[in-house]
Amino acid sequence: MPEKVKKVAILTAGGLAPCLSSAIAALVERYTEVAPDVEIICYTGGYKGLLEGKSILVTPEIRKNISILYKFGGSPIGNSRVKLTNVKDCVKRGLVKEGQDPQRVAAEQLVKDKVDVLHTIGGDDTNTAAADLAAFLKTNNYALTVVGLPKTIDNDVYPIRQSLGAWTAAEEGAKYFANVVGEHSANPRMLIVHEVMGRNCGYLTAATAHAYRKMLDETEFLPGIGLSRVRRDIHAVYVPELVFDVKSEAERLRKIMDETGNVNIFVSEGAGVETIMKEMEARGEEIPRDAFGHPRLDKINPGAWFAKQFAEMLGAEKTLVQKSGYYSRAAASNEADRSLIIKCANKAVDCALEGIGGVVGQDEDRGDEIRACEFERIKGGKPFNTSQPWFTEMLKAIGQAV
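Residues numbered from 1 in each chain as written. Predicted model: local features only at pLDDT ≥ 70, side-chain atom pairs only at ≥ 80, totals over all residues. Heavy atoms only, no water.

**Digging into the pairing of strand S10 (residues 358-363)**
With 6 of its 6 residues buried, S10 lies for the most part within the structure. Alignment of strand S5 (residues 145-150) against S10, held across 2 bridges, turns out to be parallel. Residue Gly-148 lies in a different strand from S10, and its bridge partner there is Val-359. In the sheet, S10 pairs with strand S11 (residues 369-373) via 5 bridges, with the strands oriented antiparallel. The residue of S11 that forms the bridge with Val-360 is Ala-372. (Buried < 20%, exposed > 50% of the residue type's maximum accessible area, 1.4 Å probe, protein only. Helix = DSSP H or I, 4+ residues; strand = E, 2+ residues; numbered from the N terminus. Pairing = 2+ DSSP bridges.)

Pasting the structure below:
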């Protein structure tokens, strides 16, 4: 281990994902195993905590019991959506004073805390911000190794094959809908819209639908008394990457409604957003955006828009829109995710001790090798591959055009 690595800092940022607590635990466990003398602190509230200089010391007692974190979702050290290069937003939120550069404030805090390695657990925004911070420090003659871990339930980060937490989010979303779908029996001609998180990528919607239908495969039904699979099945899956004809889809779903008495739709929150935004702008409404400039999907409400479009065309007597996002993203990581998290965290610590920066994950361009992917290659917006057999076969099974 290089002598220069004496102190490590960890922060989690962006939205929640079912990997944050587990990733913190895995990092601490690995350091305790291979470099027990390295001091570890955790900045509270992501980059907000870094700017404010607020951190938690990982004591011997915490290290001893760190495995408890595997049982929980969320992030014990807290998250925030803070972009260091968005000076105006940082000033508005009172994180820096007028005239201050947030990057410099963050850099000076890292220098003050004598941090040698910064582990960032987040999506592309979080990790590219960390890379910019490391570059900023380098120009000021301060060596900082930044090693990130890819967190996003959207699974849309180049060149990472599988982002941490996405498997769990799909599984939990499926469990959520397994209860919601029972509402079809509460009213005749019921339309249920399940809105799944995914700004630009339909992966989570598709994976959640796939996980749910696998649950149905293992479920017994009693059609004679009305307990049939078709009423609990998914009848349509809409993702941003697929273009569909509303009229033909409405005709197809109307037949299902007439025959079974209900229709269940899975829709990605990013599907149809451009159309909705154009409608809002035409009405003179301002598009609400977050600190990163992304449209606030919770305000735009794509699920409600889809429900409105289809309800009348299907002759639905009642429509129910349910969102599983906050339920699924705050879950504890499942076995598959924990395994991948531990492998990536172990590699992240090894890279940190060797002074190798980057975002550790399965590098699609290197045969899915778990390695530190160079920061300049990290970017969001990777689309879901709709030609994958498991997805096309699912669409065929539910009667949707591929």
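**Here's the deal with unusual backbone geometry**
With omega at -15 degrees, the peptide bond leading from Tyr-158 into Pro-159 counts as cis. Within the element layout of this structure, Pro-159 appears in the loop between S5 and helix H7 (166-180). Positive phi outside glycine occurs at Lys-114, with the angle close to 60 degrees. Within the secondary structure, Lys-114 is located in the loop between helix H5 (102-112) and strand S4 (117-122). Given the relative accessible area of 62%, Lys-114 is considered exposed. The phi torsion at Asn-155 lies on the positive side, around 55 degrees, for a residue other than glycine.

**Remarks on H7**
Under the 1.5 Å per step criterion, the end-to-end length of H7 is 21 Å for 15 residues, consistent within 8% with the ideal 21 Å. What H7 keeps buried is the set Ala-166, Thr-168, Ala-169, Ala-170, Glu-172, Gly-173, Ala-174, Tyr-176, Phe-177 and Val-180. (Expected span 1.5 Å × (residues − 1).)

**A word on the sheet that holds strand S6 (residues 190-196)**
Strand order in the open sheet made by the 4 strands is S7-S8-S6-S9, with parallel pairing throughout. The sheet is open, and its two edges are formed by strand S7 (236-238) and strand S9 (318-323), each paired on a single side. Across this sheet, the average inter-strand angle for adjacent strands is 15 degrees, counted without regard to direction. Sheet topology places S6 next to S9; 6 bridges connect them, and they run parallel. Considered in S9, the bridge of Leu-191 is made with Thr-319. Packed on one face of the sheet, H7 meets S6, strand S8 (262-268) and S9 and runs near 165 degrees to S6. Contacts from helix H10 (residues 246-260) reach S6, S7 and S8, with the element oriented near 140 degrees to S8. (Axes fitted to C-alpha atoms, helices over the stretch in contact; angles between N-to-C directions. Contact = heavy atoms within 4.5 Å.)

**Regarding the packing of H7 against helix H15 (residues 335-354)**
Where H7 contacts H15, the two axes come as close as 8 Å, and the packing angle between them is 170 degrees. Considering the angle they form, H7 stands roughly antiparallel to H15. Each of Ala-166, Trp-167 and Thr-168 in H7 lies in contact with H15, whose residues at this interface are Ala-336, Asp-337 and Leu-340. Among the residues forming the contact of H7 with H15, the class breakdown is 4 nonpolar, 1 polar and 1 charged. (Parallel < 35°, antiparallel > 145°, perpendicular 65-115°, else oblique. Nonpolar A, V, L, I, M, F, W, Y, C, P; charged D, E, K, R; others polar.)

**A short note on the state of the cysteines**
In total, this model carries 0 disulfides according to the counting rule given. You can see Cys-201 has no disulfide; the closest cysteine sulfur is in Cys-19, sitting 16 Å from it. (Disulfide = S-S within 2.5 Å.)

**Examining the nonpolar core**
Formed by 70 residues in total, the largest nonpolar core has its most connected members in Ile-10, Tyr-31, Leu-149 and Val-237. It is H15 that contributes the most residues to this core, 9 residues altogether. With residues near it in sequence (within four places) discarded, Tyr-31 still touches Val-8, Pro-36, Val-38, Ile-40, Arg-63, Val-117, His-119, Val-349, Ala-352 and Leu-353. Of all hydrophobic cores here, the second largest spans 35 residues; its members include Leu-51, Cys-90, Leu-110 and Ile-378. (Core = buried A, V, L, I, M, F, W, Y, C linked by side-chain atoms within 4.5 Å.)

**Remarks on the packing of aromatic side chains**
Inspection of the entire model under this criterion finds 14 aromatic pairs. Where Tyr-176 meets Tyr-327, the ring centres are 5.4 Å apart and the plane angle is 50 degrees; that geometry is what we call tilted. With a gap of 151 residues between them, Tyr-176 in helix H7 and Tyr-327 in helix H14 (residues 325-329) connect regions that are remote in the sequence. Among the residues examined, Tyr-176 registers a relative accessible area of 17% and is labelled buried. For Tyr-327, a relative accessible area of 42% puts it in the partly exposed group. Measuring from centroid to centroid gives 5.1 Å for Phe-177 and Tyr-212, while their planes differ by 85 degrees, and the two rings are edge-to-face. Of this pair, Phe-177 sits in helix H7 while Tyr-212 sits in helix H8 (residues 203-217), and the two are 35 residues apart along the sequence. Summarising the burial analysis for this pair, Phe-177 and Tyr-212 share the class buried. Put simply, the rings of Tyr-238, Phe-244, Trp-305, Phe-306 and Phe-310 touch in pairs and so form one group of aromatic residues. Directly above the aromatic system of Tyr-158 lies the positively charged group of Lys-379, at a separation of 5.2 Å from the ring centroid. (Phe/Tyr/Trp six-rings, centres within 6.5 Å; stacked < 30°, edge-to-face > 60°. Lys NZ or Arg CZ within 6 Å of the ring centre and 35° of its normal.)

**Some remarks on the side chain of Ser-22**
Examined against the element boundaries, Ser-22 turns out to sit in helix H1 (residues 20-34). Separated by 2.6 Å, the side chains of Ser-22 and Ser-333 make a polar contact. With near-sequence residues (within four places) excluded, Ser-22 lies in contact with Leu-69, Tyr-70, Ser-333, Arg-338 and Ile-341. (Polar contact = N/O pair within 3.5 Å; in protein donor to acceptor, adjacent residues only side chain to side chain.)

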